[in-house]
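Residues per chain are reported as follows:
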Amino acid sequence: MTTPDRLPSRAEDIDADWLCAALAERHPGVRVAAVELIERHEVTNSHARLRVRYDEPAGAPASFFCKLPPSEPARRQAIAATGMGPREARFYAELAPQLALRTPRSYVARHARDGSFLLLLEDLIASGCTVSDGIRGVAPAAAAVALEDLARMHVRFEDPARRKAEAGWIREPGPGSDYGVVRLQAGLDQHRDRLSRAFRELSELYIAKQLALHELWHSGPCTVIHGDTHLGNLFDDAGRTGFLDWGLLMLSTPLRDASYFLAMALGVEDRRRCERELLRHYLDARESLGGVPISWDEAWLAHRVHAAYTVPACCQIVTFPEGQ
């Protein structure tokens, strides 16, 4: 049996006693009768859905989305080295309750010094939310509201004193690993004929100038950003866009979030038709909230520069994994 002060390493290890102790902080008086594993998937991390039967729910939900480090030891070690899991756990435990944007409700958010972590979050399927199938992007009207939500978070943490007081544990991005370089080079070596000329040229530029590009991408006003606002990290709640996967939370320029969202969350035609209007909408929202001034010319140049990040962001796809 897993004791309450230890983190289960697999979703299967979450038993009634451990869950009861973990939920008691937010749901005093809760009594868990049984835990059932509904489904489990290995992606970047280990994902599962749990169904719970209670003797006394005390307001706790009937099901959870569970997120843990990957099960395979080498991948688990690699993920632990990034700090993604503890960073996301701290976000849900400390920052999410303060923010107005839509995120999954958190019931348990724990982490340990060895990089292990465990999240029990709102089961979005049970809540009636939908996660994109990767084909349909965020509609422009919903994108406008999402950009307003991002602007509120960005402006909130632009003041250094407030940022230190409320989010002092969040750090600026380091030089990064060579993961993207290795993957892009593999794509060029093995599948060059399947990549467009523009993509090949930008890949080669990134491989040659990785550090300089990262320095450029992170220049500008400093604030707390999500860091990875692509379509797969979003969900829809009755027309409102919510934000998932906070493992790349960092201090950087707010335009990284806004531009990456426009480039990687909207459908291609919607983006081409609406990106200028939506970027202006984001700047207007910032101005109304008293954010650090960013001119249109500065924002538009930054948006075009940040668009190049979509190339290393695709580094896993260009290896063309078999069966996917």
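Residue positions are given per chain, counted from 1 along the sequence in the order it is written. The predicted origin of the model limits local features to residues at a pLDDT of at least 70 and limits the giving and counting of side-chain atom pairs to 80 or more, whereas totals for whole chains, interfaces and linings rest on all residues. The side-chain quantities take in all heavy atoms of the structure and omit both hydrogens and water.

### Structural notes on helix α4 (residues 140-156)
Each helix corresponds to a stretch of at least 4 residues labelled H or I by DSSP, and each strand to a stretch of at least 2 residues labelled E; elements are numbered beginning at the N terminus. Helix span, expected: 1.5 Å multiplied by one less than the number of residues in the helix. Spanning 17 residues, α4 covers 24 Å between terminal C-alpha atoms, matching the ideal 24 Å at 1.5 Å per step. Taken together, the buried positions of α4 are A142, A143, A144, A146, L147, D149, L150, A151, M153, H154 and V155. Only protein chains enter the accessibility calculation, which uses a 1.4 Å probe; a residue whose area is less than 20% of its type maximum is buried, one above 50% is exposed, and one in between is partly exposed.

### Comments concerning the packing of aromatic side chains
Any pair of Phe, Tyr and Trp rings, taking the six-membered ring for Trp, is counted once the centres come within 6.5 Å. Such a pair is stacked with planes under 30 degrees apart, edge-to-face with planes over 60 apart, and tilted for the rest. For the structure shown, the criterion picks out seven aromatic pairs. Ring plane angle 10° and centroid distance 4.0 Å describe the contact between F91 and W246, whose orientation is recorded as stacked. In this pair, F91 is assigned in helix α3 (residues 84-95) and W246 in the loop between β9 (240-243) and β10 (250-252), connecting sequence segments 155 residues apart. Note on F91: relative accessible area 0%, which makes it buried. Arranged with centres 5.1 Å apart and planes meeting at 85°, the rings of W217 and Y309 form a pair that is edge-to-face. Taken together, the residues W217 in helix α7 (residues 197-217) and Y309 in the loop between α10 (296-307) and α11 (310-313) connect sequence positions 92 residues apart.

### Observations concerning the sheet that holds strand β3 (residues 63-68)
Here the rule is simple: two strands pair whenever DSSP picks up at least two bridges between them. The sheet built from five strands is open, its strands ordered β1-β2-β3-β5-β4 with antiparallel pairing. Sheet topology places β1 (31-42) and β4 (106-111) at the edges, where each strand pairs with a single neighbour. The average angle at which neighbouring strand axes cross in this sheet is 25°, direction not considered. Helix axes use the C-alpha atoms of the stretch in contact, all axes being lines fitted to C-alpha atoms, and the angles between their N-to-C directions lie in the range 0 to 180 degrees.

### Focus: the pattern of salt bridges
Just to be clear on terms, a salt bridge is a Lys or Arg side-chain nitrogen sitting within 4 Å of an Asp or Glu carboxyl oxygen. Going through the model one piece at a time under the given rule, you end up with 24 salt bridges. A salt bridge links R75 to E42; its shortest N-O distance comes to 3.9 Å. Here R75 is found in helix α2 (residues 73-82), whereas its partner E42 is found in strand β1, with 33 residues between them in sequence. We classify R75 as partly exposed; its relative accessible area is 33%. Residue E42 is classed as partly exposed on the basis of its relative accessible area of 34%. For E88, the salt bridge identified is with K67, shortest N-O distance 2.8 Å. With E88 in helix α3 and K67 in strand β3, this pair connects stretches of sequence that are 21 residues apart. The two residues E88 and K67 agree in class, both being buried. In this structure, a network of salt bridges that share partners links the residues E12, R40, E42 and R75.

### Looking at the confidence of the model for the protein
A residue's pLDDT is the predictor's confidence in that residue, given on a scale from 0 to 100. The predicted model of the protein averages 93 in pLDDT, with 98% of residues at 70 or higher. The spread of mean pLDDT over the elements of the protein runs between α2, the lowest at 84, and α4, the highest at 98.

### Things to note about the environment of D13
When you line up the elements, D13 lands in the segment before α1 (16-23). By relative accessible area, D13 is classed as partly exposed at 22%. For the pair D13 and I79, spaced 66 residues apart in sequence, the C-alpha to C-alpha distance is 20 Å.

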